[in-house]
Amino acid sequence: MRLKVRVVIGTWFLDILPSLNEASPPKTSKHELEVVISQHKESISWSDEYTSVRTIYCKAEDPADCAPGSVLLPNVGREGHTFLHHIVENYDNLATWT
């Protein structure tokens, strides 16, 4: 059995993904594409057009600093911890592109 996992780390994915707000947006599901974001107090409004396919992990001490619907994680390990946590916790259900 071959496992295919594609993981995009960082924000450079914006250069390779089509806009989901185009006149004829592609029908993309979270099963096909999942944008995983690690947040700590900063604005993530840049990712609003990917709302339907994004998962946000927030490491802020105050949940009020987190985006609505965020998954709260302890503030350890920087963003690498967040991405590894997502891969480990969702290993059997990762999107084709994560």
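First things first, this report covers the structure right here in the doc. Everything numeric here is computed off the predicted structure, so don't read it as measured data. Residue positions within a chain follow its written sequence, with the count starting from 1. pLDDT decides what is reported in this predicted model: residues at 70 or higher carry local features, side-chain atom pairs at 80 or more are listed and counted, and totals for whole chains, interfaces and linings draw on all residues regardless. Computation of side-chain values: all heavy atoms of the structure, hydrogens and water removed.

1. Some words on the sheet that holds strand S2 (residues 54–58)
To be explicit about the condition: Paired strands are those between which DSSP finds at least two bridges. Strands are runs of DSSP state E lasting at least two residues, helices are runs of H or I lasting at least four, and both sets are numbered from the N terminus onward. Whether two residues are in contact is decided by their heavy atoms, any of which lying within 4.5 Å being enough. For helices, the fitted axis covers only the stretch in contact; all axes are lines through C-alpha atoms, and the angles between them, taken along N-to-C directions, range from 0 to 180 degrees.
In spatial order, the strands read S1-S2-S3; together these 3 strands make up an open sheet with parallel pairing. Of all the strands in the sheet, the pair left with one neighbour each is strand S1 (35–39) and strand S3 (71–72). Relative to S3, S2 is paired through 2 bridges, and the arrangement is parallel. Directly across from Tyr57, in S3, lies its bridge partner Val71. Set on the sheet, helix H1 (residues 78–89) makes contact with S1 and S2; between it and S1 the angle comes to about 140 degrees.

2. Considerations on the pairing of S1
Along a regular strand, successive side chains alternate from one face of the sheet to the other. The cut-off we apply is this: Accessibility here uses a 1.4 Å probe with only protein chains present; expressed as a share of the type maximum, an area under 20% marks a residue as buried, one over 50% as exposed, and anything in between as partly exposed.
The buried fraction of S1 amounts to 4 of the 5 residues, a majority that puts the element mostly inside the structure. Of the strand pairs in this sheet, S1 and S2 are connected by 5 bridges, and their pairing is parallel. When the bridges of S2 are listed, Ile37 appears paired with Ile56.

3. Points about the state of the cysteines
Inclusion rule: Cysteine sulfurs are considered disulfide-paired once they come within 2.5 Å of each other.
Using the criterion set out here, one finds 1 disulfide in the structure. Residue pairing for Cys58: its cysteine sulfur links by disulfide to Cys66, the two sulfurs lying 2.1 Å apart. One quick way to see it: the torsion about the S-S bond of Cys58 and Cys66 is about -75 degrees, and its sign makes the bridge left-handed. Each member of the pair, Cys58 together with Cys66, is buried.

Geometric descriptors of this kind do not, in isolation, establish any biological role.
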